[in-house]
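# Structural overview for review
Single-letter residue listing:
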Amino acid sequence: MAHTFGTASTRTSSTGNPITTAGFTLEASDTVLVLLLKVNGATDRAGGSPTLNGLTFTQANSTQKAATSPEASCELWYILNPCNPYANPAAVRAGSYAVTIPNTGGLTVFYTLATGRAKAGARSAFDGANGGNNTAANPSAGAVV
């Protein structure tokens, strides 16, 4: 069964290092947390994996950008079952948390966080991801499946 959107989402941009979003709220019924990063310029974001209160996001696919003359890049990250200790031993309780995005190069990073929910009583699992390097200006982060 397809997921439905959770109630929490945020999007903004920053050049900070690290970039921290305080007060991102997770509900017990959220079974997946997805983070999309878009970086302006030819340089890849550096500094490592983003985290949620110590939980490390997993990159869904490789950083997407054009092979020659890239103008931007996209990264897609996720955490499965962030509030379910039976499915994720490192899970957090429902509540508000900080998401930290390392950005050692001080690049302009646009980010979007969103939650999703499997049907009641179910868990999320990762099947795959897609994306495309496309043109110099328009890489596609794809989707988490």
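Residues numbered from 1 in each chain as written. Predicted model: local features only at pLDDT ≥ 70, side-chain atom pairs only at ≥ 80, totals over all residues. Heavy atoms only, no water.

### As for unusual backbone geometry
Our working rule: Secondary structure follows DSSP: runs of H or I at least 4 residues long count as helices, runs of E at least 2 residues long count as strands, and numbering of each begins at the N terminus. Each residue's exposure class comes from its accessible area (1.4 Å probe, protein chains only) as a fraction of the maximum for that residue type: buried when under 20%, exposed when over 50%, partly exposed otherwise.
Residues Asn17 and Pro18 are joined by a peptide bond in cis, for which omega reads -5°. Relative to the elements of secondary structure, Pro18 occurs in the loop between strand S1 (4–14) and strand S2 (19–26). At Asn53, a position not held by glycine, the phi torsion is positive, near 45°. By secondary structure assignment, the location of Asn53 is in the loop between strand S4 (51–52) and strand S5 (55–56). The class for Asn53 is partly exposed, based on a relative accessible area of 47%.

### Regarding the pattern of salt bridges
When the charged atoms of two side chains with opposite charge come close together, those side chains can pair. We apply this condition: Within this document, salt bridges are pairs made up of a side-chain nitrogen of Lys or Arg and a carboxyl oxygen of Asp or Glu, the two lying within 4 Å of each other.
This structure, assessed with the given rule, holds four salt bridges. Note that Glu27 and Arg117 form a salt bridge whose closest N and O atoms lie 2.6 Å from each other. Note that Glu27 is positioned in the loop between S2 and strand S3 (32–40) and Arg117 in strand S9 (residues 109–117), a separation of 90 residues in sequence. For Arg117, a relative accessible area of 16% gives the class buried. Within this structure, Glu27, Asp30 and Arg117 form a network of salt bridges that share partners.

### Comments concerning the nonpolar core
Quick reminder of the rule: Throughout this description, the term nonpolar core refers to a set of buried Ala, Val, Leu, Ile, Met, Phe, Trp, Tyr and Cys residues connected via side-chain atoms within 4.5 Å. Contacts: residue pairs with any heavy atoms within 4.5 Å of one another.
Counting residues in each nonpolar core, the largest one holds 22 residues, and the members touching the most others are Leu26, Leu33, Leu35, Leu52 and Phe57. Elements represented by at least two residues in this core include exactly S2, S3, strand S7 (72–80), strand S8 (95–101) and S9. Among the elements that take part in this core, S3 stands out by supplying four residues, more than any other. When sequence neighbours within four positions are dropped, the list of residues in contact with Phe57 reads Leu33, Leu35, Ser49, Pro50, Thr51, Leu52, Trp77, Tyr78, Ile79, Val99 and Leu113.

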